Structure formats: structure tokens, C-alpha cells
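Geometric and topological summary
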Amino acid sequence: MKRLIAALLAAPLLALAQGYPAKPVRMIIPFAPGGASDFVGRILQPNFSELLGQQLVIDNRPGASGNIGVEATARSAPDGYTILLGNVGSIAINPGVFPKLAANPLKDLIAVTQVVDVPGVLVANVSFPPNSVKELVAYAKANPGKVNYASPGSGSQNRLEMEKLRNAAGLDMVHIPYKGGAGPAVAALAAGETHVMFVTASSAMPLIKSGRIKVLAVAAPKRLEPLPDAPTMTESGYPTFETGSWQGVFVPAGTPKEIVDRLYALTVKTMQAREVRERLGNGGVEVVTSGSPAAFAQFVAEETERWGKTAKEAGATVD
């Protein structure tokens, strides 16, 4: 009898998986346009749609450092028609910063695959006097409490990176958080509202190339091809500053394994497309995919633990 009941319950899911996809698929991006997640999502969209055989529709859901988009995904039907492009902040950092979350990424989402790793850059407004990390440290020490830095929120990776530099160099700086993701924060930096910030290379690249902001250093193991003259943080005297904002695809818990496996295969194939890799590379973004959904889930669990410790050590809290 138990086997019969289980078979009856599984039948609709099996039928769903066999006919998938029968309509457009929605990709929730938990940040506003202009940030790294939106940049990546819109580059993979055409190729993914072609392979899927249905349109991939981008749905920006900014707010609460990505929590609104994560919750919207977790509350969606587990049928493969809603997927999330989550990043290190919305998935691995927020659980260690926000005391209460409406959705727990580790429990309420299924990890499908990582898609990219986006290196960070330390950038400044063009009128800000320092032109290097060394000059920034000296200037901030000479002007305690007068230098400010932007971020997409109190518990964001961008904020934690700057807190790490502040602690390492002994700097007194003022934090100015912005809502909606990296896009609004880096736009404010370009407009002169703030002095300096850590941000993903893809979020900053258009403003760097247009001369509206300048690069002080790259928070990556090596210099970036699109920014060959920008030294790494290691070259600048801070060898432990090699950070990046990984991004990956997630679906609601309960999504049939057949659909998860299909999305995994389609996503990996999308990221292998030459035009996708080239366009991402021009933005300083590296394509990185997981060996399997299980491997990505393990990676996410490890990242959540690592960033939880970092947030606790930095004393990061929500404003």
C-alpha cells in the first residue's frame, strides 16, 4: 500500500518532468539592473533560451540584500519554471548577517550549478586623491572619519571586504549602504556621493572604461586581462585579499530530480558557448561550472560556513 501511495504521489511529478519545459521559464535575479548578477543573467539568457526551447524571462527582484528574490524563489512552485541566479551574498553571506530569514537557502533551495566567478576590484571616484591602496591607507589615516565607502548593504560582501581592509590597516572610515544591489552603489560612487568601495569587476567595468571611476587594485589572484595596469591587492601589500562573487543557479526545494538534472545540463552547455564566455570575459568574469548539483550543494554549504565566521568576526549587522 505504501508503495502504491508513493507511486501515485510521484506520478504528477514524473509527468511534469517528462513534458518539461512546456512554457517560458522565469529567472529571478535578486538585485537591480546594473549589477554583476544582472550582467551575467542577460548574457546567458539568449543561449539558455535557445537550448531550453522556451523563453528565459529575467525577473529582477531587488531588496533586502537579495533576500526578497531568494524568498520569492523558495515560495514558488517546485516545477522548474522559476529559477534563481543567486550569488555569494544572497546565498552564503546573508544567513550569517540577518538574524531572521523568511527563506533558508540551504533548506529551501536546491543548488543546480555554479556559473561564474566574478573577481572584485577596489575602485574610487575619479576626484578622490588616492590612486593606489598605499595612498588610500595614508590618506584615510591622515583624515580619520572623513573618508566614506559605499556598499549594497550592511551585510554585503562588499562591506565585509572593506571591513577586512579597515581592520588590517587600522582605518577609521564611514560606511554608506545603498539599496538594490551593486548597481546603485557604484553609480553613487561615480556621481561623487562616496569616495571608495569594493565591487565586482563586471559591475564597475562600464564606468571604469568610460573614465567615471578609477581602479586602485584588483582583489584576485592575478591581474585581470581587461585591466592589465591595475595591481592586485597582493601586489599592493595585502596578500589575503583574493575575493570574488560566485554566482549559480538554484530552484525551489521539491523540484523533481529529472528537472534539476536537465537544468544542470542546459546551464553547463550554455556557459560553454564561445560567445557567452567571450562576453563575460570582456567584463572580467570567469566561467566556472560545478561537476554536479551535489558538488555545488557541498560548495554552497562550505561557503555559508566560511562567510558566517567572517561576518561574526567583522561584527557585521543589518542597519
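We now turn to the structure provided with this report. (Residues numbered from 1 in each chain as written. Predicted model: local features only at pLDDT ≥ 70, side-chain atom pairs only at ≥ 80, totals over all residues. Heavy atoms only, no water.)

1. Structural notes on the overall build of the protein
The number of helices and strands found in the protein is 12 helices and 10 strands. Against the 2.2 N^0.38 benchmark of 20 Å for 319 residues, the protein shows a C-alpha radius of gyration of 20 Å, consistent with a compact globule. Dimensions of the protein, computed from C-alpha atoms along their principal axes, come out at roughly 75 × 40 × 30 Å. Looking at the protein residue by residue over its 319 residues, the buried ones come to 55%. A fraction of 78% describes how many contacts in the protein between residues 6 or more apart in sequence connect residues 24 or more apart. For the protein, the distance from the average site of its 30 positive side-chain charges to the average site of its 26 negative ones is 3 Å. (Helix = DSSP H or I, 4+ residues; strand = E, 2+ residues; numbered from the N terminus. Rg over C-alpha atoms; globule rule 2.2 N^0.38 Å. Buried < 20%, exposed > 50% of the residue type's maximum accessible area, 1.4 Å probe, protein only. Contact = heavy atoms within 4.5 Å. Lys, Arg positive; Asp, Glu negative; His and termini not counted. Charge placed at Lys NZ, Arg CZ, Asp CG, Glu CD.)

2. Digging into the pairing of strand 4 (residues 109–125)
With 15 of 17 residues buried, strand 4 is to be regarded as a mostly interior element. Sheet topology places strand 4 next to strand 10 (residues 286–287); 2 bridges connect them, and they run antiparallel. Of the residues in strand 10, the one forming a bridge with D117 is E286. Taken together, the 5 bridges between strand 4 and strand 7 (residues 196–200) define a ladder with antiparallel strand orientation. Note on strand 7: the bridge partner recorded for A124 is V196. As paired strands, strand 4 and strand 8 (residues 213–219) are joined by 6 bridges and run antiparallel to one another. When the sheet's bridge partners are listed, V121 is paired in strand 8 with V218. (Pairing = 2+ DSSP bridges.)

3. Quick notes on helix 8 (residues 182–190)
Burial analysis of helix 8 places 7 of its 9 residues in the buried class, which makes it a mostly covered element. Here helix 8 has its buried residues at A182, G183, A185, V186, A188, L189 and A190. Elements that come into contact with the buried residues of helix 8 comprise strand 4, strand 5 (147–151), strand 7, helix 9 (201–209) and strand 8.

4. Topic: the nonpolar core
Note that soluble globular proteins tend to have their nonpolar side chains buried in a common cluster. Among the nonpolar cores identified, the biggest contains 32 residues, and I83 and L280 are the most heavily contacted of them. If you list the elements that add at least two residues to this core, you get strand 1 (25–29), helix 2 (36–52), strand 2 (56–60), strand 3 (82–87), strand 4, strand 9 (244–252), helix 10 (257–271) and helix 11 (274–282). Each residue touching L280, except ones within four places of it in the same chain, is listed here: F39, V40, I43, V116, M271, V285 and V287. (Core = buried A, V, L, I, M, F, W, Y, C linked by side-chain atoms within 4.5 Å.)

5. Regarding the packing of helix 4 (residues 88–97) against helix 12 (residues 293–314)
Here helix 4 crosses helix 12 at 45°, and the two axes come no closer than 8 Å. In terms of their interaxial angle, helix 4 and helix 12 are classed as oblique. Handedness of the helix 4/helix 12 crossing: right-handed. Across the interface between the two elements, V88, I91, A92, I93, P95, G96 and V97 from helix 4 touch V300, E303, T304, W307, G308 and A311 from helix 12. (Axes fitted to C-alpha atoms, helices over the stretch in contact; angles between N-to-C directions. Parallel < 35°, antiparallel > 145°, perpendicular 65-115°, else oblique. Left-handed = near helix turned anticlockwise from the far one by under 90°.)

6. So, the side chain of Q247
When you line up the elements, Q247 lands in strand 9. Once you skip the residues sitting within four places of it in the chain, Q247 turns out to touch A36, S37, V40, L85, G86, N87, Q114, V115, V116 and V118.

7. Quick look at the environment of V249
Examined against the element boundaries, V249 turns out to sit in strand 9. Taking relative accessible area as the criterion, V249 reaches 2% and is therefore assigned buried. Sequence-wise, V249 and L85 are 164 residues apart; in three dimensions their C-alpha atoms are separated by 4.8 Å. Those residues in contact with V249, other than ones at most four positions away along the chain, are I83, L84, I110, A111, V112, T113, V115, T267 and F296.

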